[in-house]
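What the coordinates show
Below are the chains, spelled out letter by letter.
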Amino acid sequence: RTDGTQARLAPAGDGVSAAAEALTEGQIVAVKGIGGFHLACRADDESAVAALRARKHREDKPFALMVATTLLARRLVRLGELESALLCGPERPIVLLRRLGDAPVAPSVAPSALELGVMLPYSPLHHLLFADLAEGMALVMTSGNVSDEPIAFRDADAITRLHEIADLLLVHNRPIQTRTDDSVLRVLDTPAGPRTLPLRRSRGYVPASLPLPYGAEHQILACGAELKNTFCLAKGTRAWVSHHIGDLENYETLLSFTEGIEHFKCLFGVEPEAVAHDLHPEYLSTKYAMEHATGQLIGVQHHHAHLAACLAEHGEPGSASGAVFDGAGYGLDGTVWGGELLVGDLEDFRRVGTLLPVRLPGGARAIREPWRMACAWLSLMVESEHRERAPDIPPALRGVVAEGAWLQVAQLSRTGLQSPLTTSMGRLFDAVAALCGLRVRVNYEGQAAIELEAACDPSERGSYPISLLKDGELIMIDPRETIQAVSADLQAGAALGAVASRFHAALSAATVKALVHVASVEGSELIVLSGGVFQNRRLLGAVMAGLQTAGLRVIAPERLPVGDGGISYGQAAIAARRMAVSGPAGSRCHE
């Protein structure tokens with residue numbers, strides 16, 4: 001290790017007690033589980049948690065916790081009947097639960113988060129370890145990796161990769177065949193009662209199959225998206241969505257992706273005759289499809305795949321209207337989509353509405369630096385007033401963002417240089433979070449939006465204005481008035497919680513109004529809500545309630561992630577339907 005010490009393996013026979021003693025003393029232990037290694041430390045020891053963050057290079061993203069029983073979980077979080085059943089189920093997922101104000105956990109476990117991710121022991125070694133710990137002790141149990149890498153699952157790999165992080169490695173003699181992360185769920189309260197909202201479907205739920213409304217006449221591989229990747233194999237009426245692979249941004253994760261495909265092909269006897277992929281030409285999943293397809297290639301638009309995945313999961317073969325809100329997806333017009341109103345089925349779709357386009361100044365840098373999106377939206381408002389000047393730096397960003405950098409980004413927003421157009425709803429949340437001073441730069445995907453949701457005052461009943469415009473055949477959700485109202489409230493000293501709540505209420509109301517209109521025009525009562533932005537419980541709950549009050553039937557993912565983890569299943573469902581209609585010869589489709 002860089003501090004001159006070495007991680008050690010405890011002698012056989014007393015490894016569990018040695019690990020328990022080390023954890024009690026505040027050390028970090030790599031613990032071998034079922035799908036890979038965890039990095040563990042005491043959850044109530046701030047110095048241990050901070051050391052784990054520093055060594056793992058994970059600055060802010062919340063850590064998961066493991067406790068011995070649901071009784072002990074109740075000391076940390078609010079636990080309802082469904083949440084308790086999920087924790088105790090054979091899948092043993094991580095369940096995100098509302099934290100108690102006096103929960104005895106270190107501040108660094110989940111900075112700025114209202115929830116804690118909690119799970120129960122699920123391997124014999126976990127139970128032995130907790131039997132040797134002091135009663136009631138909670139452990140941080142986070143993935144055994146350096147940030148952005150796949151988890152270590154082989155002993156030799158863990159020793160090589162984790163010795164810089166862990167003080168001790170606790171292993172067993174059962175080899176792990178397949179690298180598999182923990183599954184992550186949360187529960188959403190709806191007018192019809194609580195329902196499960198998966199955020200990551202992996203260990204415990206994979207490789208169980210899902211049905212296809214239209215059977216696959218030809219065997220299919222669907223390669224999924226770039227972020228939170230999964231792949232999917234399908235034949236006949238069954239589809240197998242893989243475990244969570246992760247973000248396909250480095251060689252190690254790509255290798256996990258390719259090895260996983262070969263393993264699933266062998267496991268389920270599938271030899272793909274068609275390969276479905278995202279339309280983005282630079283995604284590694286798309287490049288894999290292009291290089292490895294021996295049969296037909298079927299291109300599927302990102303947001304159509306979200307819509308189709310939800311329809312297929314619920315066994316809905318017909319058409320529906322839907323809102324698909326996320327961070328980014330390659331649009332048919334070459335721009336970055338992400339705030340889309342669609343009408344479609346398992347074969348095709350139409351875009352009937354969208355968020356007002358805005359510049360993404362600096363491209364990918366704007367995703368990492370939300371203040372750029374605040375500048376882009378304010379610059380758009382200045383443009384609409386026919387003024388050739390940069391917007392003023394908002395009060396929350398003064399002294400945090402250099403004036404020169406602000407002026408440069410404003411110039412990019414005006415000229416469009418290195419600034420593609422985007423309709424991303426995720427970037428709108430980023431802009432508001434930056435205006436509120438919550439997050440100038442992010443350390444993990446969705447951080448700004450998560451912190452904006454956490455800041456909401458549940459007692460606030462106000463809302464902001466937001467416009468719905470008509471741009472040709474498209475409904476345009478125009479939040480410029482909303483941004484202006486947010487800025488005015490913050491300038492006047494309004495409470496952060498009130499501003500965050502009013503923004504959520506405005507966007508929820510606009511989404512409901514737009515979808516009610518689309519449903520009326522299309523003569524359809526079925527509405528789909530999907531995309532990573534709908535991981536936001538406040539937004540999803542309000543939109544579902546508003547649509548149900550309007551007499552519409554609303555579905556959202558319940559067995560697959562609402563984010564990009566469900567994309568591959570949607571691609572497979574679309575490919576199966578298109579091939580059934582057109583046959584393999586006509587299936588080389590790119591929307």
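Each remark here, short or long, concerns the structure printed above.
This section reports on the structure supplied with the text. Throughout this description, residue numbers start from 1 for each chain and increase along the sequence as written. Confidence filtering applies because this is a predicted model: local features only for residues at pLDDT of at least 70, side-chain atom pairs given and counted only at 80 or more, and all residues used for totals across whole chains, interfaces and linings. Each side-chain value is derived from all of the structure's non-hydrogen atoms; neither hydrogens nor water enter the calculation.

What follows covers the sheet that holds strand 14 (residues 296–300). Here, strands pair whenever DSSP counts at least two bridges between them. Strands are runs of DSSP state E lasting at least two residues, helices are runs of H or I lasting at least four, and both sets are numbered from the N terminus onward. Taking strand neighbours across the sheet as the criterion, the 4 strands line up as 12-11-13-14 in an open arrangement whose pairing is mixed. Edge positions in the sheet fall to strand 12 (232–241) and strand 14, since each has one partner strand and no second. Strand-to-strand twist of the sheet, defined as the mean angle between neighbouring strand axes without regard to direction, takes the value 60°. Bridge count for strand 13 (residues 274–278) against strand 14 is 5 bridges, and the pairing is parallel. Its bridge partner lying in strand 14, A274 is registered against Q296. Helix axes use the C-alpha atoms of the stretch in contact, all axes being lines fitted to C-alpha atoms, and the angles between their N-to-C directions lie in the range 0 to 180 degrees.

So, about the packing of helix 14 (residues 447–455) against helix 16 (residues 496–522). With their axes 8 Å apart at the nearest point, helix 14 and helix 16 run at an angle of 110° to one another. It follows that helix 14 is roughly perpendicular to helix 16 by the angle criterion. Counting all contacts with helix 14, which are made through L452, E453 and A455, the residues of helix 16 involved are L496, G497, A500, F503 and H504. Ten residues, namely Ala, Val, Leu, Ile, Met, Phe, Trp, Tyr, Cys and Pro, are considered nonpolar, four, namely Asp, Glu, Lys and Arg, are considered charged, and the remaining ones, Gly among them, are considered polar. Per-class residue counts for the contact of helix 14 with helix 16 are 5 nonpolar, 2 polar and 1 charged. For classification, angles of less than 35 degrees are called roughly parallel, those exceeding 145 degrees roughly antiparallel, those between 65 and 115 degrees roughly perpendicular, and all remaining angles oblique. Residue contacts follow a heavy-atom distance rule, with two residues in contact if any of their heavy atoms lie within 4.5 Å.

With respect to the helices and strands, the residue G136 is situated in the loop between helix 5 (124–132) and strand 7 (139–143). Between the C-alpha atoms of G136 and R154, which are 18 residues apart in sequence, the distance is 30 Å.

On to the pairing of strand 3 (residues 37–42), then. Any residue under 20% of the maximum accessible area for its type is buried, any over 50% is exposed, and the rest in between are partly exposed; the area is computed with a 1.4 Å probe on protein chains only. Burial runs high along strand 3: 6 of the 6 residues are buried. Taking the residues between adjacent antiparallel strands as the criterion, strand 2 (residues 29–32) and strand 3 are bridged by 4 residues, where G36 takes a positive phi near 160°. Relative to strand 7, strand 3 runs antiparallel, the two sharing 5 bridges. Bridging across to strand 7, R42 finds its partner in L139.

Bringing the layout of surface pockets into the picture now. Using a 1 Å grid laid over the protein atoms alone, points where a 1.4 Å probe fits but cannot get out form a cavity; open sets with protein on both sides within 12 Å along at least 5 of 7 lines form a pocket; any residue with an atom within 4 Å of a point counts as lining. Grid points are joined across faces, edges and corners, and a volume is the space filled by probe spheres set on the points. Of the pockets and cavities examined, the second largest pocket occupies roughly 410 Å³. For the second largest pocket, the lining is made up of 20 residues, of which L378, P391, D392, P394 and S487 are closest to its centre. Ranked by residues supplied to the lining of the second largest pocket, first place goes to helix 15 (residues 480–491) with 5 residues. Of the residues belonging to the lining of the second largest pocket, the class tally is 12 nonpolar, 3 polar and 5 charged.

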